[in-house]
Amino acid sequence: MDIGSITSAWVAGWTVSRGTPPAVVEPWGYRIDVGLPQHVFRHVLPAPDAVSVGKLCTEITEPHAWLKVMAGPEEAAEWITPGWTVPDDPGFMMTKTLDRDARPPAPEGYARTTETRNGVIRVRIVAPDGTLAARGQMAPTGATAVADQIETHPDHRRRGLGATVMRTLEAAAAQAGAVTGVLAATTDGLALYDSVGWRHEGPLTGIVRDA
């Protein structure tokens with residue numbers, strides 16, 4: 001998949017995962033109305049440049065509006081206008097060919113549940129004391145599926161729970177008909193995704209309109 005196809009798949013799956021309205025196709029990419037106080041909407045640009053980013057930065061005045069651009073943070077910082085900020089944590093687009101047999105057993109002492117609701121596969125791992133130890137979700141949209149909101153509680157890290165969540169989601173999405181997984185990783189998540197076979201495809205940078 002090229003970066004345009006990867007971006008299109010990510011946008012489609014992300015909107016299903018987050019329960020937002022479908023993305024609106026724009027000349028420069030996609031607009032998603034998120035509707036949260038700290039994330040009003042986002043514009044996603046698969047092929048950003050100084051002209052397209054600068055134009056949006058000039059036109060958009062709403063606080064907490066976001067641009068998501070397929071470019072590195074240093075490059076994006078050169079394109080923005082006053083009133084916009086590039087956050088410190090860079091992002092990374094990643095993909096993986098999904099394996100329907102990837103689902104491992106639940107870690108000893110933990111209980112795992114898998115359910116599909118509103119088109120989203122959700123995996124939860126619960127600790128022996130009944131508290132939530134790890135979770136994640138994946139939204140299949142045809143041949144692709146987007147992994148999202150992968151979290152492991154700090155008290156339960158380095159026990160393989162994140163890998164179990166990822167592989168369980170992968171198997172479930174493949175069984176639902178998806179062939180390729182797509183996700184947007186943070187720096188903290190890179191080691192986990194690398195360990196379960198995801199491939200880095202390119203940078204992803206968030207740009208936010210100041211309050």
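Above this note sits the structure.
Residues numbered from 1 in each chain as written. Predicted model: local features only at pLDDT ≥ 70, side-chain atom pairs only at ≥ 80, totals over all residues. Heavy atoms only, no water.

1. Here's the deal with the nonpolar core
Nonpolar side chains tend to gather and get buried jointly when the protein is soluble and globular.
Point 1. The biggest cluster of nonpolar side chains holds 29 residues, and the ones touching the most others in it are Met 138, Met 166, Leu 183, Tyr 193 and Trp 198.
Point 2. Within the residue set of this core, elements represented by two or more residues are β6 (91–97), β8 (120–126), β9 (132–141), β10 (144–152), α4 (161–175), β11 (180–186) and α5 (190–195).
Point 3. Sorting elements by how many residues they give to this core places α4 first, with eight residues.
Point 4. Among all residues touching Trp 198, those that are not within four sequence positions of it are Met 94, Thr 95, Lys 96, Met 138, Ala 147, Met 166, Gly 181, Val 182, Leu 183 and Tyr 193.
Point 5. Counting 15 residues, the second-largest nonpolar core is a separate cluster that includes Phe 41, Leu 56, Ile 60 and Leu 67. (Core = buried A, V, L, I, M, F, W, Y, C linked by side-chain atoms within 4.5 Å. Buried < 20%, exposed > 50% of the residue type's maximum accessible area, 1.4 Å probe, protein only. Helix = DSSP H or I, 4+ residues; strand = E, 2+ residues; numbered from the N terminus. Contact = heavy atoms within 4.5 Å.)

2. Let's talk about the pairing of strand β2 (residues 29–36)
Point 1. Relative to β2, strand β1 (residues 24–26) runs antiparallel, the two sharing three bridges. Paired with Glu 26 across the bridge in β2 is Gly 29.
Point 2. Where β2 folds back on strand β3 (residues 39–45), the antiparallel hairpin that results is connected by two residues. (Pairing = 2+ DSSP bridges.)

3. Observations concerning unusual backbone geometry
Point 1. Even without a glycine there, the phi angle at His 64 is positive, about 65 degrees.
Point 2. For His 64, a relative accessible area of 19% gives the class buried.
Point 3. Positive phi, normally seen in glycine, also occurs at Arg 158, with a value near 65 degrees.
Point 4. By secondary structure assignment, the location of Arg 158 is in the loop between β10 and α4.

4. Quick word on the packing of aromatic side chains
Point 1. On inspection of all chains with the given rule, the structure shows zero aromatic pairs.
Point 2. Lying across the ring of Phe 41, Arg 31 places its NZ or CZ 4.2 Å from the centre.
Point 3. The ring of Trp 14 carries Arg 42 above its face, with NZ or CZ at 4.0 Å from the centroid. (Phe/Tyr/Trp six-rings, centres within 6.5 Å; stacked < 30°, edge-to-face > 60°. Lys NZ or Arg CZ within 6 Å of the ring centre and 35° of its normal.)

5. Considerations on α4
Point 1. Here α4 spans 21 Å end to end across 15 residues, near enough to the 21 Å set by a 1.5 Å rise per residue.
Point 2. For α4, the buried fraction is high: 13 of the 15 residues fall into the buried class.
Point 3. Two residues or fewer past α4, Gly 177 is found with a positive phi of approximately 110 degrees. (Expected span 1.5 Å × (residues − 1).)

6. Remarks on the pattern of salt bridges
Point 1. Within this structure, the stated rule accounts for six salt bridges.
Point 2. When the shortest N-O distance is used, the salt bridge between Asp 148 and Arg 18 registers 2.6 Å. With Asp 148 in strand β10 and Arg 18 in helix α1 (residues 3–18), this pair connects stretches of sequence that are 130 residues apart.
Point 3. Overall, Asp 148 belongs to the buried group, its relative accessible area being 7%.
Point 4. Of the residues examined, Arg 18 reaches a relative accessible area of 36% and is grouped as partly exposed.
Point 5. One salt bridge connects Lys 96 with Glu 170, and the closest N-O pair in it is separated by 2.8 Å. In this pair, Lys 96 sits in strand β6 while Glu 170 sits in helix α4, placing the two residues 74 residues apart along the sequence. Residue Lys 96 shares its accessibility class with Glu 170, and that shared class is buried. (Salt bridge = Lys/Arg side-chain N within 4 Å of Asp/Glu carboxyl O.)

Note that all results are geometric; they support no functional claim without further evidence.
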